[in-house]
Amino acid sequence: MTTGYLLVSIILFTTGVSGIIINKNNIILILMSIELILLAISYLLIVYSVTLDNLLGIIFSLMVLTVAAAESAIGLAILVAYFRLTGTITIKALNLLRG
């Protein structure tokens, strides 16, 4: 019963990892790939929490989604600061943000 859900979660996870590996220059795509990885983990936690009839997985999934939202907000704030400094969103001149 859960093999289909597990397959969807594995596909989402590998898509996120391959997005990070393939695209190393664009910060927005790297942030989106990290969010996709966290979404796949959260999806798997919810599926197995419902399967095992345990509420703990759903609560932990909400914690993961909260951390993911905070991570994306901080990442986008850093991205805006980086874009104002360099005028581009490539990672090549990332060392300019060091104080």
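Owing to the predicted nature of the structure, the values given are computational and were not obtained by experimental measurement.

The rules we used
- Residues numbered from 1 in each chain as written.
- Predicted model: local features only at pLDDT ≥ 70, side-chain atom pairs only at ≥ 80, totals over all residues.
- Heavy atoms only, no water.
- Helix = DSSP H or I, 4+ residues; strand = E, 2+ residues; numbered from the N terminus.
- Rg over C-alpha atoms; globule rule 2.2 N^0.38 Å.
- Contact = heavy atoms within 4.5 Å.
- Axes fitted to C-alpha atoms, helices over the stretch in contact; angles between N-to-C directions.
- Parallel < 35°, antiparallel > 145°, perpendicular 65-115°, else oblique.
- Nonpolar A, V, L, I, M, F, W, Y, C, P; charged D, E, K, R; others polar.
- Buried < 20%, exposed > 50% of the residue type's maximum accessible area, 1.4 Å probe, protein only.
- pLDDT = per-residue confidence, 0-100.
- Patch = residues over 30% accessible without salt bridge, like charges linked within 9 Å, V, L, I, M, F, W, Y side chains within 5 Å.
- Areas by Shrake-Rupley, 256 points an atom, 1.4 Å probe, with all protein chains shown as cover.
- Salt bridge = Lys/Arg side-chain N within 4 Å of Asp/Glu carboxyl O.
- Expected span 1.5 Å × (residues − 1).

## Structural notes on the overall build of the chain
- Along its length, the chain carries three helices and zero strands.
- Listing each helix as α and each strand as β along the chain from the N terminus yields α-α-α.
- Here the chain has a C-alpha radius of gyration of 17 Å; the compact-globule value for 99 residues is 13 Å, and the former is much larger.
- Its C-alpha atoms give the chain principal-axis dimensions of about 50 × 25 × 15 Å.
- In the chain, the share of contacts with a sequence separation of at least 24, taken over all contacts with a separation of at least 6, comes to 49%.

## A short note on the packing of helix H2 (residues 27-51) against helix H3 (residues 56-86)
- As a packed pair, H2 and H3 sit with axes 9 Å apart at the nearest point and diverge in direction by 175 degrees. Taken together, the axes of H2 and H3 lie roughly antiparallel to each other.
- The residue inventory of the contact of H2 with H3, partitioned by class, reads 16 nonpolar, six polar and two charged.

## Some thoughts on the environment of Tyr-5
- With respect to the helices and strands, the residue Tyr-5 is situated in helix H1 (residues 3-22).
- Its relative accessible area of 39% is what places Tyr-5 among the partly exposed residues.
- It is 39 Å that separates the C-alpha atoms of Tyr-5 and Phe-83, two residues lying 78 residues apart in sequence.
- Excluding residues that lie within four positions of it along the chain, Tyr-5 makes contacts with Tyr-43 and Val-47.

## Details of the side chain of Ser-33
- Structurally, the position occupied by Ser-33 is in helix H2.
- Residue Ser-33 is classed as buried on the basis of its relative accessible area of 7%.
- Contacts of Ser-33, omitting those with residues within four sequence positions, involve Gly-16, Gly-19 and Ile-20.

## A short note on the confidence of the model for the chain
- The predicted model of the chain averages 87 in pLDDT, with 93% of residues at 70 or higher.
- The least confident element of the chain is H3, whose mean pLDDT is 88; the most confident is H1, at 94.

## Side note on a nonpolar patch on the surface
- There is a patch of nonpolar side chains on the surface, built from Leu-6, Ile-10, Tyr-48 and Leu-52 and spanning about 350 Å² of accessible area.
- Along the polypeptide, Tyr-48 turns up in helix H2.

## A closer look at H3
- When the terminal C-alpha atoms of H3 are compared, their 44 Å separation across 31 residues agrees well with the 45 Å that a helix rising 1.5 Å per residue should span.
- Of all the residues in H3, the buried ones are Gly-57, Ser-61, Val-64, Ala-68, Gly-75, Leu-79 and Tyr-82.
- Looking at the buried side of H3, the elements it contacts are H2.

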